[in-house]
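# Commentary on secondary and tertiary structure
Given next are the chains, with one letter for each unit.
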Amino acid sequence: MRTIKLNLKSTFFSLLGYSTPLPEAQQSDQLEKLRALMLASLGDAGNIAHIRLARKLRFSDDAQGLWYARSELMAALSAMHGETRARQEMDQLTAQFQGLLPKSLYSGNGRTHG
């Protein structure tokens, strides 16, 4: 009987846009990898020039904190490297959020190229 309740619950949440969460250890590893990639995209010069952003990335508690820091990261990368390269970096980083956030946060993030 308990498995039926869990299946109904997971079905309900999947309808709301939540994906099946990753195991906690895997989620923590993926979160740290994502944090490192975001800081690496800034580089040493960017970490110095955008110290507030670097601090926000280092000390964000969860994936949602990093998700909402993307706009500041995009602005910093655009200032340093130009918008085209910044967009390429952001597209790669956005793909790394898979499994860390509800689908509803990143499902509308697709861009049209043209």
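In this text the structure is predicted, and so the values were computed from the model without any measurement. (Residues numbered from 1 in each chain as written. Predicted model: local features only at pLDDT ≥ 70, side-chain atom pairs only at ≥ 80, totals over all residues. Heavy atoms only, no water.)

### Some details on the overall build of the chain
Scanning the chain from terminus to terminus reveals seven helices and zero strands. Reading the helices (α) and strands (β) of the chain from amino to carboxyl end gives α-α-α-α-α-α-α. Taking all 114 residues of the chain together, the buried fraction comes to 30%. Contacts in the chain between residues far apart in sequence, at least 24 positions, make up 62% of those at least 6 positions apart. Carbon and sulfur atoms make up 55% of the accessible area of the chain, which totals about 7800 Å². (Helix = DSSP H or I, 4+ residues; strand = E, 2+ residues; numbered from the N terminus. Buried < 20%, exposed > 50% of the residue type's maximum accessible area, 1.4 Å probe, protein only. Contact = heavy atoms within 4.5 Å. Areas by Shrake-Rupley, 256 points an atom, 1.4 Å probe, with all protein chains shown as cover.)

### A word on the environment of Ala-36
Relative to the helices and strands, Ala-36 resides in helix α2 (residues 24-49). Distance from Ala-36 to Arg-58, taken between C-alpha atoms, is 8.5 Å for residues 22 residues apart in sequence.

### Focus: the side chain of Asn-47
Within the secondary structure layout, Asn-47 lies in helix α2. The exposure class assigned to Asn-47 is buried, which follows from its relative accessible area of 16%. In this structure the side chain of Asn-47 is engaged in a polar contact, spanning 2.9 Å, whose partner is the backbone oxygen of Gly-43. Beyond its immediate chain neighbours, meaning those up to four positions away, Asn-47 contacts Leu-39, Leu-42, Ala-54 and Arg-58. (Polar contact = N/O pair within 3.5 Å; in protein donor to acceptor, adjacent residues only side chain to side chain.)

### Quick word on helix α3 (residues 51-59)
Taken together, the buried positions of α3 are Leu-53, Ala-54 and Leu-57. Seen from one end, α3 has its buried residues packed into an arc of 100°, which puts them on one side. For α3, the exposed residues set more than 90 degrees away from the buried face come down to Arg-52 and Phe-59. Next to the buried residues of α3 lie α2, α4 (63-68) and α5 (70-81). (Arc of directions from axis to C-beta.)

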